[in-house]
Each structure stands twice: as structure tokens, then as C-alpha cells.
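Listed below are the residues making up each chain.
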Amino acid sequence: MSAIRRLPPDLAAKIAAGEVVERPASVVKELVENALDAGARRVAVELTGGGLEAIRVTDDGCGIPPEDLPAALERHATSKLASEDDLYRIQTLGFRGEALPSIAAAADVEVVTRTPDRDAGARLTAADGRTAGPTPAASPPGTSVTVRRLFQRQPARRKFLKPPQAEAQQAAQLLTHYALAYPEVRFTLSVDGRRVLETPGNGDLRDALAAVYGAETAAAMLAIEPGWEGESAAAAGVRVGGLVSPPHVSRATRAYLHLFVNRRWIQDRRLAYAVEEAYQHLLERGRHPIAVIDLRLPPEEVDVNVHPAKWEVRFRQERLVFAAVQRAVRHTVAGTSPVPAFRLAPGPPPAAGPAPGAGPAAPPPLWQHAVALEQRAAAPRPEPGPDGPAPPAPRIPILRVVGLTAGTYVVAEGPDGMYLIDQHAAHERVLFERIRAQRTRQAVEVQGLLDAPLLELTPRQAAVLEGHAAVLAEHGFGLEPFGERSYRVRAVPAVLAGKDPLGAVTAFLDRLGSEEPGVEDGDRVAATLACHGSVRAGMSLTMDEMRELVRLLEAAESPRTCPHGRPTMLHLSASALEREFRRR
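This one's a predicted model, so the numbers in the text were calculated from it and none came from an experiment.

Peer 1: What should I look at first to understand the overall build of the protein in this one?
Peer 2: A count of helical and extended segments in the protein gives 19 helices and 25 strands. Across the 584 residues that make up the protein, the buried fraction comes to 49%. The contacts in the protein between residues at least 6 apart in sequence include a share of 70% that link residues at least 24 apart.

Structure below.
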């Protein structure tokens, strides 16, 4: 066995640097955090060659006094901690004093800085392990850090990096997070001399998001109102704010989730899961929301010193925090999502606003609708519950059915235009909420079968049945074992009444087995039951049946989507009709 040896200082520094500096985006992250901690109102990032050739971060913060510059490149030298107690109530983004020394161990660094109270700035350089300076230099107030030849002295690390374009994209994504966490700061990003990001820095989160994702997306986003975290969370000092997308605005990946804890961008699967859980039965499978979650809580309630790159945190009251996020997002999405609008012509659709009919509008086409809406507006609001204010009732306008098109879509008239309602999706939503309410009251409607037919299952169907036996019984399935994979069907849920019982049960098990596992197993069963028991596309309904379906949908808790996240209706406003017919 070889003897234990102390590593040379330069080798130890390179090993430590590897924990902090993984790629150009890591350098950008550390330097931008330093700029924000310095009180910067403008932060400019410039990349050359994907950041491998050069990275420059310039800010207008408080700057560094010349006498402190040499210490800035020393490991564990920082102005942000004074005692061990400060470590447990960190209120800055950086605190370890590792950023600049780690970067200097992996690249050549030049720091030019000036404090507002001095007439001249100072320059400090570090290259090949040697430091020079500080020397006088011309500089505006603030700090500019230039990093060149990243990993040039560590070719093994450099060869594992992605092409320059991909590395620049990583850095741009990271800067996006900080632009949304600090909307009052003006961020700019230039890649090889080309401006790719610029935020206004006016303090408006929606404007910052517009600079990142476009004006149309920003206009559609829903604001999380204070107080929807719940009473227990509020008592613990937990506050949830930010913007979330309505169900009809979604993306194919989770890359559009931005999570901030006390304005620190973090990666946390559990918090991301809490956000996505709030969209359960509102988004289609494979779709994900856009969300900017601004979570604030007392600094002593969160430990940020658990990850080398500070991307993860640990909460003291984990369940309370996750419940607060889930509740606030769910109330926002369920309570204020607008009905999706038709896209009639090429180009961006009108900005999404409040749900049609929810506020003052032009004289409606049907005076009785106006009266009904006034009566609804005058109705008393739900009283706040023990967990905070109740969300606004997510109702749709009162509609008048005028017909059916394509054997599938109910045509209805509302106070502000026309609505097309997918009869299958709408019936799914109605049945889903009815089944879930019956389950809560333990009063599920059951259809008993006198002849108790014999059901033969495949091994896969039998496994699904065994894995969901309790929840299936809870929803009205009476299945009695009668052999290895045979069952007597004694009863089925009432929504399956009138169908072939054996075919209904096997089709139900096949559908249930093909769906991805969810959080709430009972809701999965209810959603599958609702889908199997609802009217199908192409099934003609009478006018009375259509009116009853629309009436039930108006009373639903979340009438705008089916349990699988598809829209139940689309809205064509009166103004859009006038525009298309050239009346305005």
C-alpha cells in the first residue's frame, strides 16, 4: 500500500475547483451571483466560443476596494459571513468564498473594479497560478470579471464539454433563471458579439418573462395571489408568489419550471413535482406547465449549504413548504384559467385575459344571459377555509345551446360570442367530479348484476386487478374470485350500466393498466371510469341532453378541461367574429 501524501496546493485547488466549476455556465452562475450580491442593477454577460475562449461579466454594483482585491482570489475569503451563526441564516447567493479562487484554478482571470467613492479603479490578474496586482485602472463604478482559456490547463476536463453552441445555450438558460428571479435587474447576454437576451429591468416579472418567452406567453400567465399558500404556511412565514401558465399554455419538457427559494434558483424534483401535481387532470399527458415560483421563507427555515454548486436546498418543514406551493398553484390555475380561444388566422392569438363573461362586457346577444350573470356576480363568495382564502369559483359563462356539429361538438352561445364544446370531454369532466364526490361521501352508485357473469382475465389484466383491488371496490366494482384468473362480476359502477359488463370491465382494466401511475390512485380510477362511461364522439344527443350536459358542466369545479387535461371547450369571441367578417 502506498503512503498517504499531502497533495500539492495547486492540485488540491484544481480538485476543489472541479466541484464548483463544471462548465462555462458554472462560471457565469458564480459571477452573476457575485454581481447580484453586490447590489447590481445592470448585469452584462458576454461569451466567446461558448465561454471556452472568454467569459466577461460586468455589473454596476458596489465594487471591491483595491486593498481587498488580493483576498478575493484566496480560498474561503468572503465578506458575506462573519460567524458560524451566519451560516444558518444566509441571505446572500454566495457565502463560501470559493467562486473566484475556483475559477482562477481553471482559467486565466482578470478583475477590474471600482467603488463609487473612488476616482480610479484597480485591476488584478491571475494566470498560470500567479497573481499580479492590484494596479490602477480606468473603470466605471462596479466590477468586470473576464475569464479566458477555461480548462486550457485541464485538457481531460475540456474534452468532456459539449460544442461551443451547446455550452452557450446552457449559459443562456442559466441567465434566464436569474433574469426571472431579479426582474428589477437589467440583464443582457451576448454570444460571439450577438445580443441574444435583454430584459428591461423595470421590476415587473411579466415584462421579464416577455423578454424570455415572448409577449404572448407573458400575457397569458396567471399571477399567484398572496394568501393562497394556506393559513399554516402563512403562520410559518412561507410565502408563494410568481406566475404560472393556464392549462392551455404548456410545453413538452420540464425545462420551463423556474424555482426560486429566497430568490436563489434551485433544482428540486420535489418542488417541481408539487407544481406539476397542481395541474393534475388539467394537462394532457406529456405536457408540462410554464411556472416561475417565487418561494420566500425565513432564512433559518432553509439550509442552502448542502450542495457544492448551491443548486439544492433543504427545508426544515418540508411537507408544509411543498403543500403551500401545490395549494397556491392549484388555486391559481383552477380559479382563473381562461377558456382557450380559437385561432382563426395566422399569427399570434389575442392576449389571454379573464375568462369570457367574467367581467363587464358589451351588451350580450341574449338579455337573459346578462341577467343570469348579474345574479351570479351578486352571489356571496365562498368563506375562507382553515387553509386560507378559497379560490374564486372557476365557472364558465351561462350558455345557450343552439345545435350540434360533426356529431361531436355542441354549439352554444354565450355573453361574449360562440363556444364549441367537446361532448365527450365535457361529459368526462362531469362524470369524474361526480364519481370523486361520491367516493368522498362513500356513496358510489352501483349497478348489481343478477346473473353474475364469469370473467376470464389475461395475466396482465389479473395483475392490474390485484394491484387495484381495494380502490376498484371503493368505486363500485364487485368482483368475486372464481378460479386462478376468473372472477364473478357481481356489480359494476353505475356509469357502466347498460354496457356489456364483461367487455366494460376488461376494457376498463386494459385502459387502467396502460396509464402511467399517478399520485392519487383513486383519481386515476375515477378518470378512467369517467372516460369509459361518458358519451362518445359521433353519438348524437338530443337538444335536452345537450342542455343538461352544458348545465352540469357549468356547475363543475374545473369545467375547462377533462380529467386528462384536454380542453372541454373553445371560445370564439364576438369581436373575433366581427373582425373575420370585416365588420370592424
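Peer 1: I'm lost on the confidence of the model for the protein in this one. Help?
Peer 2: Caution applies to low-pLDDT parts of the model: their predicted coordinates are not meant to be read in detail. Residue-level pLDDT values for the protein average 79, and 79% of them are 70 or greater. This stretch, residues 346-394, has a pLDDT under 50; its non-local contacts, to residues over four places away or in other chains, come to 70 contacts.

Peer 1: Hey, could you run me through the sheet that holds strand β12 (residues 257-261) in this one?
Peer 2: Backbone-to-backbone hydrogen bonds pair the strands of a sheet. The strands run either parallel or antiparallel. With mixed pairing, 5 strands are arranged side by side in an open sheet as β9-β10-β15-β12-β13. The open sheet has two free edges, formed respectively by β9 (222-223) and β13 (264-266), since each of these has just one partner strand. Sheet topology places β12 next to β13; 3 bridges connect them, and they run antiparallel. By the bridge assignment for β13, L259 is matched with I266. Packed onto the sheet, helix α7 (residues 205-213) meets β9, β10 (239-244), β12 and β15 (291-296) and runs at close to 40° relative to β10.

Peer 1: Teacher, can you tell me more about the pattern of salt bridges here?
Peer 2: Once their charged atoms are close, side chains differing in charge can pair, the charge on each being opposite to the other. Within the structure shown, the criterion is met by 21 salt bridges. Here R195 makes a salt bridge to E198, at a shortest N to O gap of 3.2 Å. Judged by relative accessible area, which is 37%, E198 ranks as partly exposed. Between R436 and E557 there is a salt bridge; the shortest N-O distance is 3.9 Å. A residue pair is termed long-range when its members are at least 10 positions apart, and R436 in helix α13 (residues 423-441) and E557 in the loop between α18 (543-554) and β25 (569-573) qualify at 121 residues. Here E557 falls in the partly exposed class, since its relative accessible area comes to 43%. Linked by salt bridges that have partners in common, R186, R195 and E198 make up one network.

Peer 1: Teacher, can you tell me more about the packing of helix α6 (residues 164-181) against α7 here?
Peer 2: Any two packed helices are characterised by how steeply their axes cross, that is the angle between the axes, and by the distance between the axes. Contact geometry for α6 and α7: axes closest at 8 Å, N-to-C directions at 160°. Judged by the angle between their axes, α6 and α7 are roughly antiparallel. Between α6 and α7 lies a crossing of right-handed hand. Across the interface between the two elements, T176, A179 and L180 from α6 touch L205, A208, L209, V212 and Y213 from α7.

Calculation criteria
- Residues numbered from 1 in each chain as written.
- Predicted model: local features only at pLDDT ≥ 70, side-chain atom pairs only at ≥ 80, totals over all residues.
- Heavy atoms only, no water.
- Helix = DSSP H or I, 4+ residues; strand = E, 2+ residues; numbered from the N terminus.
- Buried < 20%, exposed > 50% of the residue type's maximum accessible area, 1.4 Å probe, protein only.
- Contact = heavy atoms within 4.5 Å.
- pLDDT = per-residue confidence, 0-100.
- Pairing = 2+ DSSP bridges.
- Axes fitted to C-alpha atoms, helices over the stretch in contact; angles between N-to-C directions.
- Salt bridge = Lys/Arg side-chain N within 4 Å of Asp/Glu carboxyl O.
- Parallel < 35°, antiparallel > 145°, perpendicular 65-115°, else oblique.
- Left-handed = near helix turned anticlockwise from the far one by under 90°.

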